[in-house]
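# Summary of the model geometry
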Amino acid sequence: MRKLFTTLAVLFAATFFVSNSYAEDVIKIGVQAPITGSYANEGQGIDKAVRLLVEQKNAEGGLLGKKIKVYTCDDEGTAQAAAICGRELVNKGVIAVIGSYTSTCAQAAQEIYYKAGVLQTSDGTADALTKNSYWTFFRNSNPNSAEAVYTSDWMINKKKYDRIAVITDYSTFAQGLGNAVVEEVKKLGGNIIYTGKIKANSQNYTPILTKIKSMNPDVIYFSGYYSDGGLLRAQQKQLGIEADFIGGDANDNPDFVKLAGSAAEGAYIINVPTPELLPYDVAKEFLADYKEKYNEMPPSIWTVLNADGLRAIMHAIEETKSTDTKTIANYLVEMEPYPGLSGPLAWDEDGERVGSSYLTYRINENGNYDVVSK
Amino acid sequence: MDIFFQQIINGLTIGSLYALIALGYTMVYGILKLINFAHGDLVALSAFVGMTVFAKILGGEASLFSVIALFLITMAVIAVAGVALDKSAYKPLRNAPRLSAVVSALGAGLVIQNGIMLTWGPNVNFFPGNLVPNIVWNIGGTVVTFIQMLILVLSLILMIALYLFINRTKMGTAIRASAIDKDASRLMGINVDRVISLVFIIGSALGAVGGIFIGMYYRGITFEMGWQYGLYAFVAAIMGGIGNIPGAMLGGILLGLFNALIAGYVSSTWTDAFTFLLLILIIIFRPTGILGEKVAEKV
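Note that the structure is predicted; figures quoted are calculated from it, not measured. For every chain, the first residue of its written sequence is number 1, and the numbers climb from 1 along that sequence. Both sets of labels track the order of writing: A upward for chains, 1 upward for ligands. Selection of residues for local features in this predicted model requires a pLDDT of at least 70, selection of side-chain atom pairs for listing and counting requires 80 or more, and totals for whole chains, interfaces and linings are taken over all residues. Hydrogens and waters are ignored; side-chain quantities use all the structure's heavy atoms.

### Some points on the overall build of chain B
Scanning chain B from N- to C-terminus turns up 11 helices and four strands. Against the globule reference of 19 Å for 299 residues, chain B gives a C-alpha radius of gyration of 19 Å, in line with a compact fold. Judged by the C-alpha coordinates and their principal axes, chain B covers about 60 × 45 × 35 Å. The cut-offs for exposure are 20% and 50% of the maximum accessible area for each residue type, with area from a 1.4 Å probe on protein chains only; residues under the lower value are buried, those over the upper are exposed, and the others partly exposed. For chain B, the residues scored as buried account for 57% of the 299 residues in total. The contact criterion used throughout is that any non-hydrogen atoms of two residues lie within 4.5 Å. When contacts within chain B are restricted to residue pairs at least 6 apart in sequence, those whose partners lie at least 24 apart make up 76%. Accessible surface, chain B: about 12,700 Å² in total, of which carbon and sulfur atoms supply 71%. The charged-residue count follows a simple rule in which Lys and Arg add positive charge and Asp and Glu add negative charge, with His and chain termini not counted at all. Here the site of a charge means atom NZ of a Lys, CZ of an Arg, CG of an Asp or CD of a Glu. The distance from the centre of the 16 positive side-chain charges to the centre of the 11 negative ones in chain B is 9 Å. Under the scheme used here, helices are H or I runs from DSSP no shorter than 4 residues and strands are E runs no shorter than 2 residues, and both carry numbers assigned from the N terminus. Our radius of gyration looks at C-alpha atoms and nothing else; its globule reference is 2.2 Å times the residue count to the power 0.38. Exposure was quantified through the Shrake-Rupley algorithm and a 1.4 Å probe, taking into account, for residues, occlusion by the shown protein chains and nothing else.

In structure tokens, the structure reads:
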């Protein structure tokens, strides 16, 4: 009997010791994403991408000789569930959390991670996410204001446009983007010759375009939506205005080409890249692996951006040889740009992504997109 | 200077569209003293019907025959729809207070609009782009396209034909007589109900031409576009003197030109504001519209 007790006790202790030492041997990474609910598609994409990268890393021998273990929490795309996920993942002892998909959910859990000293990286684009300057937070996408910076840099420094006409519509989004572009262009010393608004869906834009024609522009920039952008481009060509045409991200839709018809050729569109169009080798490799494992493409660019968040954290752990979150965070804000799937990755002290992942597409004669500038 | 002529061409093109649509408003008003607010939605419907007729019935192959057939079939379908609109939404309310008929018109417009949405979907649809040759003339910097010329010429022919029909034929005389006094016309042996149906047929068919032109010119058509064209055509009809056929034509053309010149020389942001300011000024200083007084008998 005594022997049995001893054996049991030894076994128990051994199990305890083993499981304990096992715990010491893993690096825990959390995924907070909408696995169910309206954005389930996106949330599952993020989870799948993280699990794929972790599996690959573990096959290589893990990080610092330790295996990585993933804990997924479903935030359902709601703020309440996101706050619960925050607590749950902190209690599990994760050192970093990937996600969430929506700005709302990322923000709802942000403070919990900050107080627990857990790193968080999210694709939320709301400018507010980095306003608290939490040292734990890193945005892996670009905030809404970044598009204007990229656009004006491309227009002034790359294309050297001298006479720029800007058209917006009355929507908050288009006006915000349009005004930001005007501001940035002026900062770079660019020459805005015209700014005007069109009423969305009013179809007849020949009067405003005729006026722009008389000003002899190099480029017409339109910050509104594809349904008007396609018509603007068609009517621009019809009026024989030779200027280039650049559409903001809301012009990135197949209907733009249908509306513009043959005039679509040569129009430029600026947006974050769709996964298929990422020009980087690492991205192509990642997408091929993803396709092979899950038999589908990632649902959107947001999956790729979250994958980049994880890759940067893993890179930082390897470089610093540490799993201390403060050390990793310090490294992330100081590191040289790291080649991400979505372009170079680097952060400022607020956790804002530096540089941008925007691309410029040119529509070719078949109505397809060619990447012309990174 | 080429910007001025270009704006004139722009204005004339869109103005002809407004004029074609305004004729439907003004004719119905002339007879029934009813603002047919569903007319703009009939115009939108015609663009969708035209698109479907071309793709499904005419096989989607562009030729002179198929384009003419597209116009005729669509005009016929929309004429029937116009008469059906009258019979279902307006005829039961002939003796009701005028406000009831206006409310009924707004309701009918919503029914048509939502019907289009349920049938063809809420997204932008695409009118075939290969119906007419893609010819562009450049006259000293002013650009005119084939489709613009087609819109201008065909609208002009239709308007002249309508004018002759109203003033030179027996049916036209009956329409004019009914517009002046329905009861007296009835006593003279005019079948006023048939005259009303005829007015709806002509007005809807002209609106259908406008709708097809909108599709051909702009390609993208949406279920809610009728409201905007209807509103502008309505303004054109009021400007010209509602109930007055030459007035509607003149009002449409002037409105198109006014819009183009405001957008070109003042600001495209203020186009609508100036348009409605003009409307208010006309109503204050010339309540019968530009041609309202000249023609005693209003049709």
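Alright, that's what it looks like, and here's the rest.
### Quick notes on the side chain of B:Asp41
Structurally, B:Asp41 is set in helix 2 (residues 39–57). The salt bridge criterion pairs a side-chain nitrogen of Lys or Arg with a carboxyl oxygen of Asp or Glu, the two atoms within 4 Å. Although B:Asp41 is buried, it makes no salt bridge; A:Lys199 carries the closest opposite charge, 14 Å away. Those residues in contact with B:Asp41, other than ones at most four positions away along the chain, are B:Gly109, B:Leu110, B:Ile112, B:Gln113, B:Ile116, B:Gly226 and B:Trp227.

### Things to note about the interface of chain B and chain A
One frequent convention defines the size of an interface as the accessible area lost when the parts assemble. Each partner contributes to the interface: chain B provides 29 residues, whereas chain A provides 24 residues. A buried area of about 2,200 Å², summed over both sides, lies between chain B and chain A, and 50% of it is on carbon and sulfur atoms. When the shortest N-O distance is used, the salt bridge between A:Lys199 and B:Asp272 registers 2.7 Å. In protein, a polar contact requires one atom able to donate a hydrogen and another able to accept it; more generally it is a pair of N or O atoms within 3.5 Å, and residues adjacent in sequence count only if both atoms are side-chain atoms. The interface formed by chain B and chain A contains nine residue pairs in polar contact (both at pLDDT 80 or more). When residues of the side of chain B that touches chain A are traced back to their parent elements, those giving at least two are helix 1 (2–32), strand 3 (142–145), helix 8 (192–218), strand 4 (220–221), helix 9 (225–240) and helix 10 (245–265) of chain B. As used here, buried area is the combined drop in accessible area, with a 1.4 Å probe, of two parts when they are placed together.

### Topic: the sheet that holds strand 5 (residues 137–139) of chain A
Residue and element names in this part refer to chain A. Here, any two strands with at least 2 DSSP bridges between them count as paired. One open sheet holds the five strands; their spatial order is 2-1-3-4-5, and the pairing between them is parallel. In this open sheet, the two strands that pair with only one neighbour each are strand 2 (67–74) and strand 5. Taking each pair of neighbouring strands and ignoring which way they run, the sheet shows an average axis angle of 25°. In this sheet, strand 4 (residues 119–122) lies alongside strand 3 (residues 96–98) in parallel orientation, the contact comprising three bridges. Looking at strand 4, one finds that alanine 96 is bridged to leucine 119. Its contacts with the sheet put helix 3 (residues 79–92) on strand 1 (26–33), strand 2 and strand 3, and the angle it makes with strand 2 is roughly 155°. Whenever a helix is involved, its axis is fitted only over the stretch in contact; in every case the axis is a line through C-alpha atoms, and angles between N-to-C directions fall within 0 to 180 degrees.

### What about the state of the cysteines?
All names here are of chain A. When the sulfur atoms of two cysteines come within 2.5 Å, that pair is taken as a disulfide. Applying the stated criterion across every chain, the model contains one disulfide over all chains. The disulfide that involves cysteine 73 links it to cysteine 85, with 2.0 Å between the sulfurs. Residues cysteine 73 and cysteine 85 share a disulfide whose torsion about the S-S bond is about -85°; that sign makes it left-handed. Taken together, the residues span a long stretch of sequence, with cysteine 73 in strand 2 and cysteine 85 in helix 3 at a distance of 12 residues. Of the cysteine sulfurs around cysteine 105, a residue in no disulfide, the closest is that of cysteine 85, at 8.4 Å.

### Some details on the sheet that holds strand 9 (residues 244–247) of chain A
Backbone-to-backbone hydrogen bonds pair the strands of a sheet. The strands run either parallel or antiparallel. All names here are of chain A. Judged by pairing direction, the sheet is mixed, and its seven strands sit side by side in the order 7-6-8-9-10-13-14 without closing on themselves. A strand with exactly one partner marks an edge of an open sheet, and here the two such strands are strand 7 (192–198) and strand 14 (369–373). When the angles between neighbouring strand axes are averaged without regard to direction, this sheet yields 25°. Bridge count for strand 9 against strand 10 (residues 268–271) is two bridges, and the pairing is parallel. Across the sheet, glycine 247 pairs through a bridge with isoleucine 269, a residue of strand 10. Relative to the sheet, helix 8 (residues 226–238) contacts strand 6 (164–169), strand 7, strand 8 (219–222) and strand 9, its axis offset from that of strand 9 by approximately 180°.

### Some points on the packing of helix 2 of chain B against helix 3 (residues 64–90) of chain B
All names here are of chain B. Where helix 2 contacts helix 3, the axes come no closer than 9 Å and their chain directions differ by 140°. Regarding the angle of helix 2 to helix 3, the classification is oblique. Considering how the two elements wind past one another, helix 2 and helix 3 form a crossing that is right-handed. Of the residues in helix 3, those in contact with Leu42, Leu45, Ser46, Val49, Gly50, Val53 and Phe54 of helix 2 are Ser66, Leu70, Ile73, Thr74, Val77, Ile78, Ala81, Gly82 and Leu85. Three classes are used: nonpolar for Ala, Val, Leu, Ile, Met, Phe, Trp, Tyr, Cys and Pro, charged for Asp, Glu, Lys and Arg, and polar for all others, with Gly counted as polar. Classifying every residue of the contact of helix 2 with helix 3 by side-chain character gives 11 nonpolar, five polar and no charged. Here the angle decides the label: under 35 degrees means roughly parallel, over 145 means roughly antiparallel, 65 to 115 means roughly perpendicular, and every other value means oblique. Crossing handedness is read from the near helix: turned anticlockwise from the far helix by less than a right angle, it gives a left-handed crossing, and turned clockwise, a right-handed one.

### What about the packing of helix 9 of chain B against helix 10 of chain B?
Residue and element names in this part refer to chain B. For the pair helix 9 and helix 10, interaxial distance at closest approach is 7 Å and the crossing angle is 120°. By the angle class used here, helix 9 and helix 10 are oblique. By crossing handedness, the relation of helix 9 to helix 10 is classed as right-handed. Residue-level contacts link Tyr232, Val235, Ala236, Met239 and Gly240 of helix 9 to Gly247, Gly251, Gly252, Leu254, Leu255 and Asn259 of helix 10. Considered class by class, the residues forming the contact of helix 9 with helix 10 number six nonpolar, five polar and no charged.

### Considering the pairing of strand 9 of chain A
Residue and element names in this part refer to chain A. The pairing of strand 8 with strand 9 spans four bridges and is parallel. Across the sheet, phenylalanine 222 pairs through a bridge with glycine 247, a residue of strand 9. Assignment of crossover handedness uses the view with strands pointing away from the viewer, where a clockwise path from the first strand over the helix to the second indicates a right-handed crossover. Remark: the strand 9/helix 9 (residues 254–260)/strand 10 crossover connection has right-handed handedness.

### Considering the confidence of the model for chain B
Confidence scores here are pLDDT values: one per residue, from the predictor, ranging 0 to 100. The predicted model of chain B averages 90 in pLDDT, with 97% of residues at 70 or higher. At the level of chain-chain contacts, confidence expressed as ipTM amounts to 0.82, with global pTM at 0.74.

### As for the pairing of strand 13 (residues 359–363) of chain A
Residue and element names in this part refer to chain A. Where burial is concerned, most of strand 13 is hidden: four out of the five residues are buried. Where strand 13 meets strand 14, four bridges bridge the pair, whose relative direction is antiparallel. Of the residues in strand 14, the one forming a bridge with arginine 362 is aspartate 370. The hairpin turn running from strand 13 into strand 14, its antiparallel successor, is five residues long, and glycine 367 in that turn takes a positive phi close to 80°.

### A short note on a nonpolar patch on the surface
All names here are of chain B. Patch building starts from residues that exceed 30% relative accessible area and form no salt bridge, then joins like charges within 9 Å and nonpolar side chains (Val, Leu, Ile, Met, Phe, Trp, Tyr) within 5 Å. Together, Ile135, Trp137, Ile139, Met149, Val153 and Ile157 make up a nonpolar patch on the protein surface, roughly 530 Å² of accessible area in all. When contributions to the nonpolar patch are tallied by element, the ones reaching two or more residues are strand 2 (136–139) and helix 5 (146–168). For the nonpolar patch, the element with the highest residue contribution is helix 5, accounting for three residues. Locating methionine 149 in the fold gives a position in helix 5. Looking at methionine 149, the relative accessible area reads 34%, which means it is partly exposed.

### Some details on the packing of aromatic side chains
All names here are of chain A. Put simply, two rings from Phe, Tyr or Trp (the six-membered ring, in Trp's case) pair if the centres are within 6.5 Å, and we call them stacked under 30 degrees between planes, edge-to-face over 60, tilted for the rest. Enumeration over the complete set of coordinates arrives at 18 aromatic pairs over all chains. On the basis of an interplanar angle of 25° and a centroid distance of 4.2 Å, the ring pair of tyrosine 114 and tyrosine 134 is categorised as stacked. Of this pair, tyrosine 114 sits in helix 4 (residues 103–116) while tyrosine 134 sits in the loop between strand 4 and strand 5, and the two are 20 residues apart along the sequence. Note on tyrosine 114: relative accessible area 33%, which makes it partly exposed. When its relative accessible area of 14% is taken as the criterion, tyrosine 134 is described as buried. Here tryptophan 154 and tyrosine 268 contribute two aromatic rings whose centre-to-centre distance is 5.0 Å and whose plane-to-plane angle is 70°, an arrangement assigned as edge-to-face. Taken together, the residues span a long stretch of sequence, with tryptophan 154 in helix 5 (residues 146–158) and tyrosine 268 in strand 10 at a distance of 114 residues. Of the two residues, tryptophan 154 and tyrosine 268, both sit in the buried class. Here the aromatic cluster, defined as three or more aromatic residues joined through ring pairs, consists of Phe286, Tyr290 and Tyr294.

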